[in-house]
Structures are given as structure tokens and as C-alpha cells.
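Structure assessment
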Amino acid sequence: MMRNAHGLVGLALLVGGTSLAGSAWLVIDYIPLVALGLAAVILGTVSIAISYSTPPILLDSSLLLSRVGLDNISSVVEELGLRAPALYLPRSHLDGPPQALIPLRDGVDSIAKRPLAHRLIVQFGPGPEDVGVLIATVGSSAIDLLDRPVGPELSDLEHALSSVLVSSLDVASSVRVWEDGGALTVEVDRPTLWHREHPIDEILGSPVAAIIATLAAESLDAPVRILNEFQASRRHSVQLQPIASG
Amino acid sequence: MKQRNEYLLALGVAFIGITVTLGAFGADRLELYLGIFVVEYVALTFMFAYLRNWPGRILNGISFVLITAFALALVARAATVIVSLNLS
């Protein structure tokens, strides 16, 4: 019960509400105060119930732990001299969970639809420069939060993103998806997770963009590149470009 | 965490709002307050039930207790009325 603030507040409300209701009933004989005490008891009980469902590790703590992994990835990418933005690949293009491919050269506009080996450095095309590094991202883990695969329609993608970002991770209040001239735009309202400070974010995108790109790739069953992302007035927008596969 | 806090805030505002409003109008029937609390609680809990790791069983238990308390308050009030009618 005491493992987080909800438990402490719940206990305080429970004790205070019981005292208020009992005093108001027995001493003052004033029903509205009794009702207020009962309301505090109900709120306290709900707060304690919520404290049991809260994950043992908070989001900020999780980000702190994941930052170590980001630092290592950033070091590898920098050492290899990679600068091109990552391509988020669906499971059909990989021999395993969805990952991001950081290509050696920029401007990759198609990737062969054959499962790439589950290795760090892979060849994704016939040319000598069609080489890249496969990286697991936040999206690779987030996709496991879904109960079923992402459907091909835009509404399916919107539903999947809401399920992950709003219901499961609780880092946004709503998500909207629409198509504009071949590019996908995803708008996330009131995001609580915005990190564009780490050097690797220039290649992989922010954590929210990585989740969006991973799910979009699954929905479209095609690689996806993050074209642009920006945040303004409590809204985070991400533009994605599907890449041809064949 | 944010959605859970919003749920608690909505419950608190709803409970306090209706208590103050009914108190201002001089309502002194506890079963009236309980009945409205039940409606508010069930409606708000249903609205937020989509969240992951939702403590559904405990919150449903609270619903059951509230409804039972409301029913008992109604029965007690009815018994009081019947007894007073019989005495008169």
C-alpha cells in the first residue's frame, strides 16, 4: 500500500473520511458532512486500489535505464560514421521482431522484401553500398503491448497507436492519423514523452516517433522513414514516408 | 499515471460538487447522496476502464459495496416510514 503516493494519499483519505463521517453522524448530526466523509472514504479506497496497479518502476526511471542503451547505440553508430535516417522495417522484412535499419547511404528508396538476417550489419540490396546496421528500438518492444496484429487500414493504425501510447504507456491523451500526398501524418496530443536531445534521436527519431514508425511499418507491411517531427502547443506531429519494397 | 490521476480528479470533483450542491439546497437524506455517488462512480469508472493494468476487480468490488450500501439505506428509510405510519 505504501509503495507510491497513491497509496499514502489513499490511506490519508480513508482515515480522514472515516473520522469526518463518524463525527458528523454522531456529534454534529449533519448529513452533508457525513456524505463528504463517505466521498473521501470512496476516493481513498480507489486511490489505494490504483496504487496496486501502478507499475513498480516509473516512466522516468525506465528512461534513465534505457539511456544507457541509447548511449551505446549512439557510440556504435558514430564510430561507423552513419548519418542517414533510419528505416523502420516490419516483421515481414526481418528474421525476428521489427527493428530499425540505419543504412550506410542516404536516399534509400526501396528494400528487397526478403527477410534480413538477424545480425548487426546486414546487406539489404544488390549494390555494394546497400549495407546497414539493424538496431532494436523502443518500438520493437512497444509492439508487444498489442493484443493483436496491426491491420492495414489507417483506422487500424490509429487504434493500435492509441492502444499503445494512450492506454498502455499513458504518454499521450489521443492520437490521430491521416494520409497526405503519400505521406502519413500522426498527431499525438499532450505527449509526456518528448526527447530530441540525445544524438541518436537525429537518426532514430524521438521514442514516440520510433513507436509510431514501428507500428506504421507493421500496418503498411513496408519500410517507413521518419520525414519530420515537431512539437508545438502540446501536440507532437510525426510525418512518415513509406518505402517501396519488392 | 496521468490518466489515473485524471480519473481520481474527476471522481473528487464529481463527489465534492454534488455534495456541496445538495448541501446548499438543504438535502439531508443520506440515501440521496449515496445514490448519486453510485451513479457518478460507475459512470466515471466505466469511462476510464480502458487503461492497461486497470484494477478492475477491486473497483468492481467498490461498486458492489456502494450499491449494497445504497440499497440498505433505502431499506432503512422505508422501514422508518412504515414504522412511523404504523405508529400513527
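This is a predicted model, so every value here is computed, not measured. (Residues numbered from 1 in each chain as written. Chains lettered and ligands numbered in written order. Predicted model: local features only at pLDDT ≥ 70, side-chain atom pairs only at ≥ 80, totals over all residues. Heavy atoms only, no water.)

Right, let's get into the sheet that holds strand E2 (residues 99-103) of chain A. Residue and element names in this part refer to chain A. With antiparallel pairing, 8 strands are arranged side by side in an open sheet as E4-E5-E2-E1-E8-E9-E7-E6. Because the sheet does not close on itself, it has two edges, and the strands there are strand E4 (121-123) and strand E6 (174-180). Geometrically, the sheet is characterised by an average inter-axis angle of 35° between neighbouring strands, direction not taken into account. Direction of pairing for E4 relative to strand E5 (residues 131-135): antiparallel, over a ladder of 3 bridges. Following the sheet pairing, Gln 123 is matched in E5 by Val 131. Against the sheet, helix H5 (residues 154-168) makes contact with E6 and strand E7 (183-189), and its axis sits at roughly 150° relative to E6, the strand it touches most. Against the sheet, helix H7 (residues 207-220) touches strand E1 (87-89), E7, strand E8 (224-232) and strand E9 (235-242), its axis set at about 140° to E8. (Pairing = 2+ DSSP bridges. Helix = DSSP H or I, 4+ residues; strand = E, 2+ residues; numbered from the N terminus. Axes fitted to C-alpha atoms, helices over the stretch in contact; angles between N-to-C directions. Contact = heavy atoms within 4.5 Å.)

All right, on to the packing of aromatic side chains then. The description of two aromatic rings rests on the distance between their centres and on the angle between their planes. Residue and element names in this part refer to chain B. What the rule picks out here adds up to 2 aromatic pairs over all chains. Both rings, one in Tyr 7 and one in Phe 48, keep their centres 5.4 Å apart while their planes meet at 50°; by these two values the pair is tilted. Of the two residues, Tyr 7 sits in helix H1 (residues 2-24) while Phe 48 sits in the loop between helix H2 (30-47) and helix H3 (56-87), which places them 41 residues apart along the sequence. Taken as a pair, Tyr 7 and Phe 48 share a single burial class, namely buried. (Phe/Tyr/Trp six-rings, centres within 6.5 Å; stacked < 30°, edge-to-face > 60°. Buried < 20%, exposed > 50% of the residue type's maximum accessible area, 1.4 Å probe, protein only.)

Another aspect to go through is the side chain of Thr45(B). Residue and element names in this part refer to chain B. Topologically, Thr 45 is positioned in helix H2. A distance of 2.7 Å separates a polar atom in the side chain of Thr 45 from a polar atom in the side chain of Tyr 7. Among all residues touching Thr 45, those that are not within four sequence positions of it are Tyr 7, Trp 54 and Leu 59. (Polar contact = N/O pair within 3.5 Å; in protein donor to acceptor, adjacent residues only side chain to side chain.)

Below, the discussion takes up the confidence of the model for chain A. Caution applies to low-pLDDT parts of the model: their predicted coordinates are not meant to be read in detail. Mean pLDDT for chain A: 85, with 92% of residues reaching 70 or above. In the model of chain A, strand E10 (residues 244-245) of chain A stands out as the element of lowest mean pLDDT, 74, in contrast to E1(A), which has the highest, 93. (pLDDT = per-residue confidence, 0-100.)

For the rest of this paragraph, the subject is the interface of chain A and chain B. Taken together, the contacts link 30 residues of chain A with 31 residues of chain B. Where chain A abuts chain B, roughly 2600 Å² becomes buried across the two surfaces, and 74% of that area is made up of carbon and sulfur atoms. Looking at the side of chain A facing chain B, the largest losses of area belong to Ile42(A), Leu43(A) and Asp170(A), adding up to 21% of the total buried there. In this structure, the connection of chain A to chain B is made through 1 salt bridge. As a salt-bridge pair, Arg190(A) and Glu6(B) come within 3.8 Å of each other at their nearest N and O atoms. Of all the elements, helix H2 (residues 31-53) of chain A adds the most residues to the side of chain A that touches chain B, at 15 residues. Looking at the side of chain A that touches chain B residue by residue, the classes come out as 19 nonpolar, 9 polar and 2 charged. (Buried area = accessible area lost by both parts, 1.4 Å probe. Salt bridge = Lys/Arg side-chain N within 4 Å of Asp/Glu carboxyl O. Nonpolar A, V, L, I, M, F, W, Y, C, P; charged D, E, K, R; others polar.)

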